[in-house]
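Listed below are the residues making up each chain.
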Amino acid sequence: MINIEIDGKLVETQRGSTVMDAAHKAGVYIPHFCYHKKLSISANCRMCLVEVEKAPKPLPACATPAADGMKVHTHSEMAVKAQKGVMEFLLINHPLDCPICDQGGECQLQDIAMGYGGNASRYTEEKRVVEPKQIGELISTNEMSRCIQCTRCVRFGQEIAGLMELGMANRSEHAQIMSFVNSSVDSELSGNMIDLCPVGALTSKPFRYTARSWELSRRKSVSPHDSLGANLAVHTKDNKVVRVVAAENEEVNECWISDKDRFSYEGLNSAERLTRPMIKQGGQWIEVEWAAALEYVANGVNQLRRSAGSEQIAALATPNSTLEELYLLQKLMRGIGSGNVDFRLRQSDFSADGKQAGAPWLGMPVAELNTRDRFLIVGSFLRKDHPLLAQRIRQAVKQGAQANVVHASDDDLLMSVANKAIVAPADLPGLIAQVLKALSIEKQVAVPAEVADVTVGAEAAAIAASLASGKQAAVLLGNFAQQHPEAAQIALLAEQIAALAGAKFGYLGAAANSVGGYLAGTVPFGGSVQGMNAAEMLAKPRKAYLLLNVEPELDMANAQTAMSAMNSADMVVCLSAFKHAGMDYADVMLPIAPFTETSGTFINTEGRAQSFKGAVKPLGDARPAWKVLRVLGNLLDVPGFEFDTSEAVRDEAGVVGNLNNHIEGLAMRNVAVTPAGLQRVTDVPIYAADALVRRATALQKTHDAATPVAMLHSSELQKLGLNSGDAVRVTQGGVSVLLTAAANDGLALGTVRVAAGHPATASLGAMFGTIIVERA
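Residues numbered from 1 in each chain as written. Predicted model: local features only at pLDDT ≥ 70, side-chain atom pairs only at ≥ 80, totals over all residues. Heavy atoms only, no water.

## Description of the packing of helix α2 (residues 77–92) against helix α3 (residues 108–116)
Definition in use: The angle between two axes is taken between their N-to-C directions and runs from 0 to 180 degrees, where each axis is a line fitted to C-alpha atoms and a helix contributes only its stretch in contact. Comment: elements are numbered from the N terminus, with helices defined as DSSP H or I runs of at least four residues and strands as E runs of at least two. Angle categories: roughly parallel below 35 degrees, roughly antiparallel above 145, roughly perpendicular from 65 to 115, and oblique for all the rest. Two helices that cross are described as forming a left-handed crossing if the nearer one is turned anticlockwise from the farther one by less than a right angle, and a right-handed crossing if clockwise. We call two residues contacting when some pair of their heavy atoms lies within 4.5 Å. When residues are sorted by character, Ala, Val, Leu, Ile, Met, Phe, Trp, Tyr, Cys and Pro go into the nonpolar class, Asp, Glu, Lys and Arg into the charged class, and all the rest, Gly among them, into the polar class.
At their nearest, the axes of α2 and α3 sit 10 Å apart, and the two run at 130° to each other. With respect to their mutual orientation, α2 and α3 come out oblique. Of the two possible hands of crossing, α2 and α3 adopt the one that is left-handed. Contact with α2, carried on its side by Gln83, Lys84, Met87 and Leu91, involves Leu109, Ile112, Ala113, Gly115 and Tyr116 of α3 and no other residues of that element. By residue class, the composition of the contact of α2 with α3 is six nonpolar, two polar and one charged.

Below is the structure:
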């Protein structure tokens, strides 16, 4: 540590830090534009010029290293004159359009000009004009004349998003920020550029001209999408959500959010919002009062209990539901005598049920990802499934960590990957077994008997050597690995690898409450009444289904069996915020409030419970799902449903539980099976992951929301006599859909990648299995 004096205050700061860092510690504000604590130093705006004793001229505080005994003056005559001179230069070409600028009221240039700008310009020359650029559906660049070339957006793309999509061309007053040859900005983190822009050059297209900043009310919330639980600030006007921005939390999302978190609010105002309870009578939907709808459901459930037994009633929920909703759903089901309740909709292997020592979780705090020096990432579409966790791993790799990937698709992770093994889904467990054997040899310990006969390939040996050379490793299972038909075997092998490498072992949770669902008991095992898991409930259809936030045609591991079960049921009750395909097979539609209209809790992948309040009142007659379930519990005479607040439900459910990835009592076995024909590799596109994001208009216009194609390795296309762009018929489970073929040499041989969660592929079968591709 060293001592530095700023404006007469003595500050202790770290050796190697800058004058700006020391000023922050001292609580001294130095005006700046290009500086940002999370980005590299560019020192190109020069607004932070300060006087340093014995220096012949003002120095930029952001780029000047602090030295022991240094004396700095931030408001001396020299410093203020320099800062005012810089401000005058910045305003020479800046348009005088503050009254119509979307940044008005929250503009750094506006704020600093009040203190350092003159009351008139000495320049009479014509201001420069920069032509607007078209860089996509999320960011507006219609007023690039406002740009002050701070380059925050350029540095963000290179350093945080990992993709340089914007750059600065030309010099001096001809300098412009632009994309490469008119390409669009497609990063899953691109919206952060809007927050970083200190002026009104980059603004939000969906929010544009919707409201002024001083008209907005702000409420803190938590993302309902991926398992990070990013902290949000929800901005509302006239009881309508009009914008979502990041709320800073260094331990969770730092100061970033993904585009899914930022722009999904458009789905809240979708034309498909369900606002009145509806009952189907004579094939026609009629709107009814809440009392009538709930009595209809209660009578139907009671009648089925008497005639067919409680075990004929099943409940499914999405892991995007709140802890309170999940807890009351399972309590209601067990209260009527049925244990058929599950939230693991895309899972296909349930062999570890009842053998898990606790709820599967990340195995470490989220912030620890940055400190790991070795990673083994198994079966993960990391960038799209976990944008901000991928960003943390990217930062670790930039600091020298080694990332090793085992997957069925070689996606660009926008970071250096030390070793990778891309294999067909059926070969994934075998490849992990190879790594285990190689690591055992590397560590000179006894090779586990279950993998003794495995032949170790070069890729597995390289991954094992990488893990063995690290001191702080992490072994992480992604969504693809968790949804794999041999997920439990992959987990057993991965846990042993982690133990040998002295690594943390964890799951990259699939959704907001992937951990919370376990802690709420929304699983068919472990409760007072045992039942069927999600796959069994559909494979052996029940007579009644209660669906919480679920759209079975898009949310399940096998859409075919899901739709067959729904169509054969005597009663289907949908608790949903939206009208969806359930209108075809459901009997009752109950409008429930999405996350901005209810209070609740999400427990993220590190086990952190984060509660939030509603930001606006429920739309129409929609009601929070926990209230709907509470009333249903009362109507069905289930004891213990006397809750007045969601906090009371949360307290009973408990937000602290046993987090443990260990599986006890399940034997490792050889799962080497090579199916005949092409194997399906399935991802759930980032903007098809849940009901809310599927209805966000701007996100659905991006490249990531394009209609799925059938992707194959170019050699597989050649075998089939196809070319990229040909129309193909894709058949699975006896159902065919027409798609376009596309070459992707990042895929394993013998596979075809077809996305799930999209209407174009919804009628196909399981997310894993054999699939037929032929010319249409």
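## A look at the nonpolar core
Applied cut-off: To form a nonpolar core, buried Ala, Val, Leu, Ile, Met, Phe, Trp, Tyr and Cys residues must be joined to one another through side-chain atoms within 4.5 Å. Exposure categories follow from relative accessible area, calculated using a 1.4 Å probe and restricted to protein chains: below 20% of the type maximum is buried, above 50% is exposed, and the middle band is partly exposed.
Membership of the largest hydrophobic core comes to 94 residues, with the highest contact counts inside it found for Phe33, Met47, Phe156, Leu166, Phe375 and Leu476. The element best represented in this core is helix α10 (residues 387–398), accounting for six residues. Residue contacts for Met47: discarding those within four places in its chain leaves Pro31, His32, Phe33, Gln83, Val86, Met87, Leu90, Ile112 and Tyr116. Counting residues in each nonpolar core, the second largest holds 51 residues, with Met333, Leu590, Val628 and Val649 among its members.

## Section: the sheet that holds strand β11 (residues 231–237)
To be explicit about the condition: We call two strands paired when DSSP finds no fewer than two bridges between them.
Spatial strand order, β10-β11-β12: three strands in an open sheet with antiparallel pairing. Each having just a single partner strand, β10 (217–222) and β12 (240–246) make up the two edges of the open sheet. Averaged over neighbouring strand pairs, the angle between their axes works out to 30° when direction is ignored. Pairing of β10 with β11 involves six bridges; the strand directions are antiparallel. If you follow Ser221 over to β11, its bridge partner there is Leu232.

## Some words on the side chain of Ser409
Rule in force here: A 3.5 Å cut-off defines polar contacts: any pair of N or O atoms within that distance qualifies, except that in protein one atom must be a possible hydrogen donor and the other a possible acceptor, and neighbouring residues in sequence count only when both atoms are side-chain atoms.
With respect to the secondary-structure elements, Ser409 resides in the loop between β18 (402–407) and β19 (419–422). In this structure Ser409 comes out as buried when scored by relative accessible area, which is 2%. There is a polar contact of 2.6 Å between the side chain of Ser409 and the side chain of Asp411. Among the polar contacts made by the side chain of Ser409, one reaches the side chain of Arg753 at a distance of 2.8 Å. Setting aside chain neighbours within four positions, we find Ser409 in contact with Phe381, Ile422, Gly746, Leu747 and Arg753.

## Regarding helix α12 (residues 458–468)
Just so we agree on the cut-off: Read the arc as the range of directions from the helix axis to the C-beta atoms.
Of the residues making up α12, those classed as buried are Ala460, Ile463, Ala464, Ser466 and Leu467. Looking straight down α12, one finds its buried side chains confined to an arc of 160°; they lie on one side. Against β17 (374–378), β18, β19, α11 (428–442), β20 (473–477) and α14 (487–501) lie the buried residues of α12.

## Side note on the domain arrangement of the protein chain
Reports often express the size of an interface as the amount of accessible area lost when the parts come together. Heads up, the condition is: Domain limits in this description derive from either an automatic procedure or a database domain assignment.
What the domain assignment lists for the protein chain is domain 1 (2–92), domain 2 (278–351 + 518–653), domain 3 (366–507) and domain 4 (679–775). Each of domain 1 and domain 4 was reduced to a C-alpha centroid, and the two centroids are 53 Å apart.

## Remarks on the packing of aromatic side chains
Quick reminder of the rule: In this analysis, rings of Phe, Tyr and Trp, with Trp reduced to its six-membered ring, are considered paired at centre separations within 6.5 Å, and the interplanar angle assigns stacked below 30 degrees, edge-to-face beyond 60, and tilted for intermediate values. Note on geometry: a ring has a charge over it if NZ (lysine) or CZ (arginine) is within 6 Å of the ring centre and within 35 degrees of the ring normal.
As enumerated under the stated definition, the model contains seven aromatic pairs in all. Taken together, a centroid distance of 6.5 Å and an interplanar angle of 70° make the contact between Phe641 and Phe643 edge-to-face. For the pair Phe641 and Phe643, one class covers both residues: buried. Three or more aromatic residues link up through ring pairs in this structure, and these residues are Phe381, Phe480 and Phe768. Directly above the aromatic system of Phe207 lies the positively charged group of Arg243, at a separation of 4.4 Å from the ring centroid.

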